[in-house]
Amino acid sequence: MTGSGSEILLPRRRRRRRSNWRGLAYIAPAMALVIVFFIMPVLFTGWMSLHNWPLMGASRWIGFNNYYRMVNDTRFMTALNFTAYYTVIVTIAIFAVAFPLAIFVEKERQFVSAYRTIIFLPVVVGLATASLLWVWLANVDSGFIGPALKALGLVEKSPNLLATFDTAFLTVVVMVVWKIAGFTMIILLTGLQAIPSELTEAARIDGAGRWQRFRHLTLPLMRKTIALALIVSVTGSILAFDQFYIMTSGGPQNKMISVVYYIFNQSFVSFNLGYGAALSIALLAILVAISIVQLWLLRVGEERP
């Protein structure tokens, strides 16, 4: 009996091995892409960060000197502080716009498909193209925003919106919200549509108002969706570059230099490639840490089996 039992198990083990190899074959192309275009570049960037790596000439091993330099770099800390400030403001603004829009287009009503399409349209526009568009809109002479404000009687003359920090920052935030809110809306809309209508109807019958249903039913059931939208928004904001490079060139008075913009300047303007690599590794570590914290905070209070 023992021999016959082992003979029966052998074909099962062989089938499992074949199934495992078949599964590995299916994911091999994706694994190859991740290794070639993510893991290897990250490892090479880490190796570069340990060298004095000029654009021309031989590199020189300097250990962790680039990281010591980064800690004492006041301009990098200023860029980090500005990026954090921008991330908080723009993320709150995006959610403040995208969540009501998601609730508005979630219900079946007349022209709801048209509303969804119109709101989502700016998403398909490239960020560089959108930045150039808003540079034209904010232009003091040939733009649209300044003359419109003057025509409405809100200002005496057309303002140069990109000349001062406050107006330039507000213009960039408005542009990003206009560009990204539709994408965040789609993510949140998916979460709203996944909530069973029976639960909402039962809560309504029990006398729960709109705010009570939203607070005690909608938000708890959308924790994972909100986590995804929040991570995407925060990550995109921390990696902001195009809008500052195109719309303000880091100004006015270099007050709008983001971390990625500073890395770009160090790597491809000052040609400190080793130092730029160290800054990139530090930024990657910050992104990973923030994502872990966000996921942990959004898991707090969840029921565990």
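Residues numbered from 1 in each chain as written. Predicted model: local features only at pLDDT ≥ 70, side-chain atom pairs only at ≥ 80, totals over all residues. Heavy atoms only, no water.

A few words on the packing of helix α7 (residues 165-193) against helix α10 (residues 223-238). Where α7 meets α10, the axes come as close as 9 Å, and the angle between the chain directions of the two elements is 165°. Relative to α10, the element α7 lies roughly antiparallel. Where α7 crosses over α10, the handedness of that crossing is right-handed. Here α7 contributes Phe-183, Thr-184, Ile-187, Leu-188 and Gly-191 to the contact with α10, which in turn contributes Thr-225, Ile-226, Leu-228, Ala-229 and Val-232. (Axes fitted to C-alpha atoms, helices over the stretch in contact; angles between N-to-C directions. Helix = DSSP H or I, 4+ residues; strand = E, 2+ residues; numbered from the N terminus. Parallel < 35°, antiparallel > 145°, perpendicular 65-115°, else oblique. Left-handed = near helix turned anticlockwise from the far one by under 90°. Contact = heavy atoms within 4.5 Å.)

Turning next to the nonpolar core. Where a protein is soluble and globular, its nonpolar side chains tend to be buried together. Counting residues in hydrophobic clusters, the biggest one holds 42 residues, and the most contacted among them are Tyr-86 and Phe-244. When residues of this core are traced back to their parent elements, those giving at least two are α2 (65-71), α3 (74-106), α5 (127-137), α7, α10, α11 (242-248), α12 (259-268) and α13 (273-299). It is α7 that provides the largest number of residues to this core, a total of 8 residues. Residues within four places of Phe-244 in sequence aside, it is in contact with Phe-82, Tyr-86, Val-172, Ser-249, Gly-250, Met-256, Ser-258 and Tyr-261. (Core = buried A, V, L, I, M, F, W, Y, C linked by side-chain atoms within 4.5 Å. Buried < 20%, exposed > 50% of the residue type's maximum accessible area, 1.4 Å probe, protein only.)

Summed over all chains, the structure comprises 1 salt bridge. Linking Glu-106 and Lys-107 is a salt bridge whose minimum nitrogen-to-oxygen distance equals 3.7 Å. Judged by its relative accessible area of 43%, Lys-107 falls in the partly exposed class. (Salt bridge = Lys/Arg side-chain N within 4 Å of Asp/Glu carboxyl O.)

In this chain, Gly-251 is followed by Pro-252 through a cis amide linkage whose omega measures -5°. As for its placement among the helices and strands, Pro-252 is situated in the loop between α11 and α12. For Ser-249, which is not glycine, the phi dihedral falls at a positive 55°. With respect to the helices and strands, the residue Ser-249 is situated in the loop between α11 and α12. In this structure Ser-249 comes out as partly exposed when scored by relative accessible area, which is 48%. Unusually for a residue other than glycine, Asn-254 sits at a positive phi of about 55°. Tracing the chain through its elements places Asn-254 in the loop between α11 and α12.

Right, let's get into the UniProt feature "transmembrane region" (unreviewed entry) in the protein chain. Summarizing the sequence annotation, UniProt attributes the feature "transmembrane region" (unreviewed entry) to residues 21-44, 84-105, 117-137, 168-189, 225-246 and 275-298 in the numbering used throughout. As annotated, residues 84-105 comprises 100% helix and 0% strand, and the C-alpha atoms at either end are separated by 31 Å. Here residues 168-189 runs as 100% helix and 0% strand, with 31 Å between its end C-alpha atoms. (UniProt positions renumbered as here; feature names shortened; annotations may be inferred.)

For the rest of this paragraph, the subject is the UniProt feature "domain: ABC transmembrane type-1" (unreviewed entry) in the protein chain. What UniProt calls "domain: ABC transmembrane type-1" (unreviewed entry) maps, in this numbering, to residues 80-296. Taken end to end, residues 80-296 is 74% helix and 0% strand, and its first and last C-alpha atoms sit 23 Å apart.

On to the packing of aromatic side chains. The full count for this structure, using the stated rule, is 20 aromatic pairs. Where Trp-134 meets Trp-178, the ring centres are 5.9 Å apart and the plane angle is 55°; that geometry is what we call tilted. Remark: Trp-178 occurs in helix α7 and Trp-134 occurs in helix α5; sequence separation between them is 44 residues. On the basis of relative accessibility, which here comes to 10%, the residue Trp-134 falls in the buried class. Pairing Phe-241 with Tyr-245 gives two aromatic rings, centres 5.2 Å apart and planes at 20°, and the pair type is stacked. What makes Phe-241 buried here is its relative accessible area of 18%. Three or more aromatic residues joined by ring pairs make a cluster, and in this case those are Phe-82, Tyr-85, Tyr-86, Phe-165, Phe-169 and Phe-244. Looking at Arg-69, its charged tip hangs above the ring of Tyr-275, at a distance of 3.9 Å from the centre. (Phe/Tyr/Trp six-rings, centres within 6.5 Å; stacked < 30°, edge-to-face > 60°. Lys NZ or Arg CZ within 6 Å of the ring centre and 35° of its normal.)

Further remarks concern the packing of α5 against α7. The relative placement of two packed helices comes down to the angle between their axes together with the axis-to-axis distance. Following both chains from N to C, one finds α5 and α7 inclined at 135°, their axes separated by 10 Å at the closest point. It follows from the interaxial angle that α5 and α7 lie oblique. Two packed elements cross with a definite hand, and for α5 against α7 that hand is right-handed. When α5 is examined against α7, the residues Leu-127, Ala-130, Ser-131, Leu-133 and Trp-134 are found in contact with a partner set consisting of Thr-171, Val-174, Met-175, Trp-178 and Lys-179. Along the lines of polarity and charge, the residues of the contact of α5 with α7 split into 7 nonpolar, 2 polar and 1 charged. (Nonpolar A, V, L, I, M, F, W, Y, C, P; charged D, E, K, R; others polar.)

So, about α10. The end-to-end C-alpha distance of α10 is 22 Å, a good match for the 22 Å that 16 residues give at a rise of 1.5 Å each. Within the sequence span of α10, burial applies to Thr-225, Ile-226, Ala-227, Ala-229, Ile-231, Ser-233, Val-234, Ser-237 and Ile-238. (Expected span 1.5 Å × (residues − 1).)

The next subject is α3. Structurally, the α-helix is built with 3.6 residues per turn, so residues lying three or four positions apart point the same way. Given a rise of 1.5 Å per residue, 33 residues ought to cover 48 Å, and the 47 Å separating the end C-alpha atoms of α3 matches this to within 8%. Sitting at the amino-terminal end of α3 is Asp-73, which places a side-chain oxygen 3.1 Å from the backbone nitrogen of Arg-75. (Polar contact = N/O pair within 3.5 Å; in protein donor to acceptor, adjacent residues only side chain to side chain.)

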